[in-house]
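Each chain is listed here by its residues.
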Amino acid sequence: MDTTVPPEEGNPRGGLFDRLMLLDHNGQECWSARDLHAPMGYDKWERFEVAINRAIAAAGNSGLNPLDHFRGASKVINGGRWGRQTVSDYRLTRYACYLTAMNGDPRKPEIAAAQTYFAVKTREAEVRQQPADVSSPEGILALAEKYVEAARELVSTKKELAIAAPKAGKWDAFCDSEGLIDMAAAAKALNKVTGGLGRTKFMELLRRDDIRFLQRQNPRVPYECHTKAGRAEVKFVATPNGQWVEQTFFTSKGLDWLVDRLDGLMRRPAA
């Protein structure tokens, strides 16, 4: 049962993200991911959930327990056969919101606003936990330095995201709801690069010795180096006759790699 409640009326803190903040049964601040996906610039929940999953992975990679910050929940929304339906949700801590914003689409101005808001609020919480002595000039300087450190960290992150922005989203039109690209869609995306190869010929191209993306002995599966590098994912999918087979999906990073690879081969001087 969802026990979170809105903060008290008259909350003096302004801003949309402040208004969306909830209190859990322990009185701790949290946010509903379902409440955040539109304010963060996502019209589809499935796309926003991709960013959440990346944030969960980032939390785990940093040594944190993701369950401490990303708690499974449910939410009743308008829609469905009876006018209302229950959907899956997450209860996010402030830090989880920060990680989600940092793993969102950097081209969205809403994501930039969320990054700034949660970076500042996270730093404010850290300062509250370790209050500085502001009764002296030294204490005031120490407090100011903490905010400067947060600002520098945010600027650095945004610069990295800006560098990645031209490639980020380039393949969005070919991605499914999980951000993956099947072979037919990948062949279509690279139609001009490959000279119009269809799915079958495109997959044969991926098995060539000078590309070595798909294995020869297991022609539906990529070499392990590509999955480890985040260029591909392998999933079991159902065929029309009810069987389950392995199928390889490109990630956006994988299509970038393939384009660079094909470009390098075309630029290679003839023997």
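Presented here is an overview of the structure given in this document. No experiment lies behind these values; they were computed from the predicted model shown.

Cut-off values and rules
Residues numbered from 1 in each chain as written. Predicted model: local features only at pLDDT ≥ 70, side-chain atom pairs only at ≥ 80, totals over all residues. Heavy atoms only, no water. Pairing = 2+ DSSP bridges. Helix = DSSP H or I, 4+ residues; strand = E, 2+ residues; numbered from the N terminus. Contact = heavy atoms within 4.5 Å. Axes fitted to C-alpha atoms, helices over the stretch in contact; angles between N-to-C directions. Phe/Tyr/Trp six-rings, centres within 6.5 Å; stacked < 30°, edge-to-face > 60°. Buried < 20%, exposed > 50% of the residue type's maximum accessible area, 1.4 Å probe, protein only. Lys NZ or Arg CZ within 6 Å of the ring centre and 35° of its normal. Arc of directions from axis to C-beta.

1. Looking at the sheet that holds strand E1 (residues 22-23)
The antiparallel open sheet is built from four strands, whose spatial order is E1-E2-E4-E3. For this open sheet the edge positions go to E1 and strand E3 (70-78), each flanked by a neighbour on one side alone. Inspection of the sheet shows strand E2 (residues 29-32) paired to strand E4 (residues 84-92) by two bridges, in the antiparallel sense. Looking across to E4, one finds that Trp 31 is bridged to Leu 92. Its contacts with the sheet put helix H3 (residues 45-61) on E3 and E4, and the angle it makes with E4 is roughly 30 degrees. Contacting E2, E3 and E4, helix H4 (residues 94-102) runs over the sheet at an angle of about 95 degrees to E4.

2. Notes on the packing of aromatic side chains
For any pair of aromatic rings, the description rests on two quantities: the centre-to-centre distance and the angle between the ring planes. Overall, the coordinates contain eleven aromatic pairs when judged by the stated rule. Judged by centre distance (5.9 Å) and plane angle (35 degrees), the ring pair of Phe 213 and Trp 257 falls under tilted. Of the two residues, Phe 213 sits in the loop between helix H9 (199-206) and helix H10 (224-228) while Trp 257 sits in helix H11 (residues 252-267), which places them 44 residues apart along the sequence. What makes Phe 213 buried here is its relative accessible area of 0%. The structure contains a cluster of three or more aromatic residues connected by ring pairs, namely Phe 17, Trp 31, Tyr 117 and Phe 118. If you follow Lys 108 out to its NZ or CZ, it ends over the ring of Tyr 42, 4.9 Å from the centre. Across from the ring centre of Phe 249, 5.2 Å away, lies the NZ or CZ of Lys 235, which sits over that ring.

3. Thoughts on H9
The complete set of buried residues in H9 reads Phe 202, Met 203, Leu 205 and Leu 206. Taken down its axis, H9 places every buried residue within 150 degrees of arc, on the same side. Structural note: H9 exposes Thr 200 and Lys 201 on the side pointing more than 90 degrees away from its buried face.

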